[in-house]
Amino acid sequence: MNALFSRLLAWMRSRSRSLVVRLILLAVFMVIFGFLMRIIVLIPFIKDKLTELSASRQLSIAEYVAKDIDDKVKERLALLDNLAVRLPRDRLGDPARLKGWLRERHETFPKFSNGLIVVARDGKGSLGEYPVRPGRGGLDFSQSDWFLAALNDKRLVMGRPARGRASQEPLIIMAAPVLDSRGEVLAVLAGVTAINAPGFLSQLQETHIGKTGGFLLISPRDDLFVAATRPDMVLKPLPKHGV
């Protein structure tokens with residue numbers, strides 16, 4: 001009888017251990033299964049949130065940079081317009097005095113890195129410039145887009161970004177007509193700025209976003225990359241639609 005009871009007790013203990021093991025294994029399985037399900041469900045959600053956060057951050061950076069560029073362009077256009085109004089008309093026929101006037105304004109308001117130039121009404125060379133750039137004063141500007149717009153439309157303009165014929169560096173030229181008392185154009189005042197000039201677009205070209213990201217400044221009007229973190233893209237045409 002005792003032997004039978006001992007066997008029964010041993011069998012119950014073995015079954016108990018087996019049940020505990022099974023319960024433990026089941027609990028471990030449920031934990032692992034629940035963890036995997038959370039990962040499967042959460043990964044797309046987390047990915048979408050990270051993408052949204054990254055896009056929002058990049059948009060904020062782009063808006064800040066765009067506002068900064070817009071302010072710099074408007075500042076230079078306003079300055080040039082003011083100078084064109086205040087330029088003494090009697091100095092247009094006196095190169096030495098005109099150069100002196102331009103020098104004073106350029107040194108006081110050094111917003112145009114490559115200086116100021118007054119172009120004759122026919123576009124054939126300059127009436128005066130400061131600072132003097134070798135070969136620039138004798139250039140023919142009569143077919144330049146900024147010159148024709150300022151001359152014909154009698155308005156403040158910003159020309160198509162291009163490589164300077166004298167300096168061979170990427171430039172942006174802004175121009176304003178110099179009018180007489182009857183509203184006729186006497187000359188065109190131009191401000192010349194290098195694209196990579198400090199205080200203009202240099203930071204845009206030197207700043208990176210992360211390890212591989214950067215900026216592209218595009219002119220839809222001109223179908224052109226104006227400035228870029230990658231120097232080889234500056235002044236390159238935009239790819240055709242679909243490319």
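The structure we're discussing is the one just above.
Residues numbered from 1 in each chain as written. Predicted model: local features only at pLDDT ≥ 70, side-chain atom pairs only at ≥ 80, totals over all residues. Heavy atoms only, no water.

(A) Seen up close, the layout of surface pockets. Considered as a void within the structure, the largest pocket measures approximately 330 Å³ in volume. Secondary structure elements with two or more residues in the lining of the largest pocket: α3 (145-153), β4 (162-163), β5 (170-179) and β6 (185-194). The dominant element in the lining of the largest pocket, judged by the number of residues it contributes, is β5, at three residues. Of the residues assigned to the lining of the largest pocket, the class counts are eleven nonpolar, four polar and six charged. The computed volume of the second largest pocket comes to approximately 240 Å³. If you go around the second largest pocket, you meet 15 residues; those closest to its centre are Ile 69, Val 73, Met 158, Leu 217 and Val 226. (1 Å grid on protein atoms, 1.4 Å probe; cavity = no way out; pocket = protein on both sides within 12 Å on 5 of 7 lines; lining within 4 Å. Points joined across faces, edges and corners; volume = space filled by probe spheres on them. Helix = DSSP H or I, 4+ residues; strand = E, 2+ residues; numbered from the N terminus. Nonpolar A, V, L, I, M, F, W, Y, C, P; charged D, E, K, R; others polar.)

(B) View of the environment of Ile 69. By secondary structure assignment, the location of Ile 69 is in helix α1 (residues 2-86). Between the C-alpha atoms of Ile 69 and Gly 199, which are 130 residues apart in sequence, the distance is 9.9 Å. Apart from the residues lying within four places of it in its own chain, the contact partners of Ile 69 are Leu 201, Leu 204 and Leu 217. (Contact = heavy atoms within 4.5 Å.)

(C) Layout of the pairing of strand β2 (residues 126-130). Inspection of the sheet shows strand β1 (residues 116-120) paired to β2 by four bridges, in the antiparallel sense. Within β2, the residue paired with Leu 116 across the bridge is Tyr 130. Hairpin connection, β1 to β2: the antiparallel pair is bridged by five residues, and Gly 123 has positive phi, about 80°. (Pairing = 2+ DSSP bridges.)

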